[in-house]
Each structure stands twice: as structure tokens, then as C-alpha cells.
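Below are the chains, spelled out letter by letter.
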Amino acid sequence: MNGLIPFPSQELSLAQRQGKIDRQVTAQNPGRVYFYATYWPARLSQTATLNELNPGDQVEVVGREGLTLLVKPLSQRSELS
């Protein structure tokens, strides 16, 4: 592997897909997430059940569009199980 993070990928475990919201993310406005020791632009994935993520919220990175990561609340995973 060349050090780049593949998205979307089933090769990453849930723990490796976790990030933390740094700037609020809403359905209308992208925000920012701290992921893999760096800050990334982020927006809600289409599968997210919430309309808003706030700083400090734990999220799962589920994909990428360009440099923008697609995220959903980490708590959503247990609600669906």
C-alpha cells in the first residue's frame, strides 16, 4: 500500500474509519472532520439519519467525493443493528 487511504473500502476496520467533527456539519452546509491525524472537509452521507453533527461528535467515514469525506454519526451504526 502506498500510504493513501482507500475510500470507500471494506479493508478499514470500524475503528480505522472513525473521526471527530471539528466544525458543524449540516445537511445544507459541509463542515470539517478530524480523521487520520488531519482535518478534512466533510459532509453528511446520504445514509445519515441526522441533519446535523456538532463539534466533538464521533462519526464513521463512509466514503469520499474528491477531498470531501462523507460521514454519518457513529451512534447510527448501533441503532441500525
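Below you will find a few notes about this structure. Keep in mind that this is a model prediction, so the values were computed, not measured.

## Some thoughts on the nonpolar core
Logical step 1: Judged by nonpolar contacts, the single largest core of 13 residues is most densely connected at Ile-21, Val-33, Leu-53 and Val-71.
Logical step 2: Mapped onto this core, the elements with two or more residues apiece are β3 (31-35), β4 (38-44), β6 (58-65) and β7 (68-73).
Logical step 3: For this core, the element with the highest residue contribution is β4, accounting for three residues.
Logical step 4: With residues near it in sequence (within four places) discarded, Ile-21 still touches Arg-32, Val-33, Leu-53, Asn-54, Pro-55, Gly-56, Asp-57, Val-59 and Val-71.

## Quick look at the side chain of Lys-72
Logical step 1: Along the polypeptide, Lys-72 turns up in strand β7.
Logical step 2: Here Lys-72 occupies a buried position and makes no salt bridge, while the nearest side chain of opposite charge, Glu-60, is found at 4.1 Å.
Logical step 3: Sequence-distant contacts of Lys-72, defined by excluding residues within four places in its chain, comprise Ser-45, Thr-47, Ala-48, Val-59, Glu-60 and Val-62.

## Section: the pattern of salt bridges
Logical step 1: Summed over all chains, the structure comprises three salt bridges.
Logical step 2: The shortest N-O distance in the salt bridge between Glu-60 and Arg-17 comes to 3.0 Å. Residue Glu-60 is found in strand β6, and its partner Arg-17 is found in the segment before β1 (18-23); the two are separated by 43 residues along the sequence. Per residue, the accessibility class of Glu-60 equals that of Arg-17, and both read buried.
Logical step 3: Between Glu-65 and Arg-43 there is a salt bridge whose closest N-O contact spans 2.6 Å. With Glu-65 in strand β6 and Arg-43 in strand β4, the pair connects residues that are 22 residues apart, well separated along the chain.
Logical step 4: Given a relative accessible area of 45%, Glu-65 falls into the partly exposed group.

Rules of the game
Residues numbered from 1 in each chain as written. Predicted model: local features only at pLDDT ≥ 70, side-chain atom pairs only at ≥ 80, totals over all residues. Heavy atoms only, no water. Core = buried A, V, L, I, M, F, W, Y, C linked by side-chain atoms within 4.5 Å. Buried < 20%, exposed > 50% of the residue type's maximum accessible area, 1.4 Å probe, protein only. Helix = DSSP H or I, 4+ residues; strand = E, 2+ residues; numbered from the N terminus. Contact = heavy atoms within 4.5 Å. Lys, Arg positive; Asp, Glu negative; His and termini not counted. Salt bridge = Lys/Arg side-chain N within 4 Å of Asp/Glu carboxyl O.

These figures capture arrangement, not role.
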